[in-house]
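Structure assessment
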Amino acid sequence: MGEAVREMDWSSWRREKEKKENATMWDMFHLGISRDGLYASDDPNVNKLLHHVTRMPIAHITQKEGGTQLKLIIEFADGGHALFKPMRFPREQETLKNHFYFTDFERHNAEIAAFHLDRLLGFRRAVPITGRNVNITRELYALAQGDLLKTFFISPDNNLCFHGKCSYYCDTAHAICGNPDMLEGSFAIFLPGKEAAPRKVWRHPWRRSYHKRRKAQWEVDDDYCELVKEVHPYNEGRRLLDIMDMAVFDFLMGNMDRHHYETFKMFGNNSAPLHLDHGRGFGKAHHDEVSILAPIYQCCLMRHSTLHTLLRLHTGPERLGAAMRRTMSADPLNPILTEAHHEALDRRLTTILQVVRECLIKAHDPHNVIINDLH
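Computed from a predicted structure; not experimentally measured. (Residues numbered from 1 in each chain as written. Predicted model: local features only at pLDDT ≥ 70, side-chain atom pairs only at ≥ 80, totals over all residues. Heavy atoms only, no water.)

1. Details of the pattern of salt bridges
Spelled out, the test is: A carboxyl oxygen of Asp or Glu within 4 Å of a side-chain nitrogen of Lys or Arg is what we treat as a salt bridge. Think of it in three bands: with a 1.4 Å probe and only protein chains considered, a residue is buried below 20% of the maximum accessible area for its type, exposed above 50%, and partly exposed in between. Strands here mean DSSP runs of E at least two residues long; helices mean DSSP runs of H or I at least four residues long; both are numbered from the N terminus.
The tally for this structure, following the rule as stated, stands at 21 salt bridges. With its nearest N and O atoms 3.9 Å apart, the salt bridge here joins Asp-147 to Lys-150. By relative accessible area, Asp-147 is classed as partly exposed at 47%. Between Asp-242 and Arg-303 there is a salt bridge, and its shortest N-O distance comes to 2.9 Å. Residue Asp-242 is located in helix α8 (residues 239-253), and its partner Arg-303 is located in strand β11 (residues 302-303); the two are separated by 61 residues in the primary sequence. For the pair formed by Asp-242 and Arg-303, the shared burial category is buried. Among the charged side chains, a salt-bridge network with shared partners connects Asp-36, Arg-125, Arg-238, Asp-242, Asp-245, Arg-303 and Asp-373.

2. Let's talk about helix α11 (residues 320-328)
Note the following rule: Throughout, the arc means the angular range of directions from the helix axis out to the C-beta atoms. Residue contacts are defined here by distance: any two heavy atoms, one from each residue, within 4.5 Å place the two residues in contact.
Listing the buried residues of α11 in full gives Leu-320, Gly-321, Ala-323, Met-324, Thr-327 and Met-328. Around the axis of α11, the buried residues are gathered within 165° of arc, so they sit on the same side. Along its buried surface, α11 packs onto α4 (108-120), α8, α10 (304-315) and α12 (339-362).

3. Focus: the packing of aromatic side chains
Heads up, the rule is: Stacked, edge-to-face and tilted are the three classes for Phe, Tyr and Trp ring pairs, Trp counted by its six-membered ring, which pair at centre distances within 6.5 Å; planes under 30 degrees apart are stacked, over 60 edge-to-face, the rest tilted.
Inspection of every chain in the model, using the stated rule, returns ten aromatic pairs. Consider the rings of Phe-152 and Phe-162, whose centres lie 4.9 Å apart with planes at 15°: the pair is stacked. Taken as a pair, Phe-152 in the loop between α6 (146-149) and β5 (153-154) and Phe-162 in strand β6 (residues 160-162) lie far apart in primary sequence, ten residues in all. Looking at Phe-162, the relative accessible area reads 0%, which means it is buried.

4. What to know about unusual backbone geometry
Geometrically, the link from Asn-179 to Pro-180 is a cis peptide bond, its omega value of -5° lying close to zero. Locating Pro-180 in the fold gives a position in the loop between β7 (176-177) and β8 (182-189). For the bond from Gly-316 to Pro-317, the omega torsion is 20°, close enough to zero to count as cis. By secondary structure assignment, the location of Pro-317 is in the loop between α10 and α11. One non-glycine residue with positive phi stands out, namely Phe-282, at about 50°. Looking at the secondary structure, you find Phe-282 in the loop between β10 (260-264) and α9 (294-299). Phi at Cys-300 is positive, roughly 50°, even though this residue is not glycine. When you line up the elements, Cys-300 lands in the loop between α9 and β11. Cys-300 gets classed as buried once you look at its relative accessible area, which sits at 11%.

5. Thoughts on the state of the cysteines
Test applied: Criterion for a disulfide: a pair of cysteine sulfur atoms within 2.5 Å.
What the rule picks out here adds up to three disulfides. Between Cys-161 and Cys-177 runs a disulfide, and the two sulfur atoms are separated by 2.1 Å. Between Cys-161 and Cys-177, the S-S torsion sits near 105°, and that sign places the bridge as right-handed. Of this pair, Cys-161 sits in strand β6 while Cys-177 sits in strand β7, placing them 16 residues apart in sequence. Covalently, Cys-225 is tied to Cys-299 through a disulfide, its sulfur atoms 1.9 Å apart.

6. A look at the nonpolar core
How we decide: Throughout, nonpolar core names a set of buried Ala, Val, Leu, Ile, Met, Phe, Trp, Tyr and Cys residues whose side chains join them through atoms within 4.5 Å.
In terms of nonpolar packing, the biggest core is built from 98 residues, with Leu-117, Phe-162 and Trp-206 touching the most fellow members. Residue contributions to this core peak at eleven residues, all from α8. Other than its neighbours up to four places away in sequence, Leu-117 contacts Phe-249, Leu-252, Met-253, Phe-282, Leu-320, Met-324 and Leu-345.

7. Description of the UniProt feature "active site" (unreviewed entry) in the protein
Applied cut-off: UniProt positions are given in the numbering used here, feature names are shortened, and annotations may be inferred rather than shown by experiment.
The sites that carry the UniProt feature "active site" (unreviewed entry) are, in the present numbering, Asp-257. Structurally, Asp-257 can be placed in the loop between α8 and β10.

8. So, the UniProt feature "binding site: ATP" (unreviewed entry) in the protein
Following the UniProt record, the feature "binding site: ATP" (unreviewed entry) maps to Gln-69, Lys-85, Glu-106, Ala-188, Ile-189, Phe-190, Leu-191, Glu-262 and Asp-277 here. Overall, Gln-69 belongs to the buried group, its relative accessible area being 3%. What Gln-69 contacts, discounting residues up to four positions off in sequence, is Arg-88, Asp-104, Phe-105, Glu-106, Cys-166, Tyr-168, Tyr-169 and Arg-280. Considering the arrangement of structural elements, one finds Phe-190 in the loop between β8 and β9 (199-203).

9. Observations concerning the sheet that holds β7
Heads up, the rule is: By definition, two strands form a pair when at least two bridges between them are found by DSSP.
With respect to topology, three strands assemble into an open sheet ordered β5-β6-β7, the strand pairing being antiparallel. A single partner strand is all that each edge strand has here, and the edge strands are β5 and β7. As paired elements, β5 and β6 share two bridges and run antiparallel to each other. Across the sheet, the residue bridging to Ile-154 is Leu-160, located in β6.

10. As for the pairing of strand β3 (residues 81-86)
On a regular strand, one side chain projects to one face of the sheet and the next to the other, so that they alternate. Most of β3 is tucked away, with five of its six residues classed as buried. As judged from the four bridges shared by strand β2 (residues 72-76) and β3, these two strands associate in the antiparallel manner. Paired with Leu-72 across the strands is Phe-84, a residue of β3. A loop of four residues connects β2 with β3, the two strands running antiparallel in sequence, and Gly-79 in this loop sits at a positive phi of about 95°. Relative to β8, β3 is paired through five bridges, and the arrangement is antiparallel.

This is how it looks when you write it as structure tokens:
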């Protein structure tokens, strides 16, 4: 009954939006959200909205509360909102070998690449994101207020910098600087407000320990998936298969930082999980972290539609690395990834298919491994 009420509330909200004669592109994006994805595969509004974000004047900025690193909430002149993650270091600079995944800086280009990867895989669960160059002087410093304004300064190299206020990495030693005042960043389109579309936060069942010495249970128990299958919401419906999709997505970009995920409450357990926060992806082009695939090799599950997409991107005519290069070429900050990362995408895709192949070899019934969802 509760799920039916939430879906009715969502339907009422959509009807009110649709009645507006002057529905904006932001409204149209929100109206396109469904239980299966944030937008339809043939929705032309997404690219239009991203292009709009690269040109729309910024009217107001505030620092987003929470999190370990600086992010700004951007309000545009037309009332739309986006989350801004600034460039921390060049694309060529990879995660240091001795750094844990939970101490790495977030990468603005990883957020952009993750959106394009998610769309190519057919998931459409990552919010649309575009890159944009901003002028720190005119578009940030001129609009900053309060504690944020106090963190702006001129560096010894005469560049305008700021560091904001947060629990980690918000000090002069970790400042964000322009060159001299131009700065790259990713702009992620805001989802509907939580009043209209409340979301539920779930702990990822294959979450890492976030401890220097302690391991998570799934890292030491090969039968861990059997435990997961017994608990809600993984004991029925789509959710466990969604976790397999997420493992594919995270492995391809090398993201080890998937500790929680969100779903829309209005769709109940039929809601696809949202793919959010990918700033720690694409950090190591020459290392493939196979443990990210633990959900797949421990459960031996995958959707037929997901496997079909992976095989197409593996055999071509356009392989995954080339497809990513093509789809990201229109972004204002292109190139988004180094060539080594494009090569890594093709290499990692081969690894995923090998894991699935091994599951099929040891399975009594292949239909228990590849789940038919095409109908």
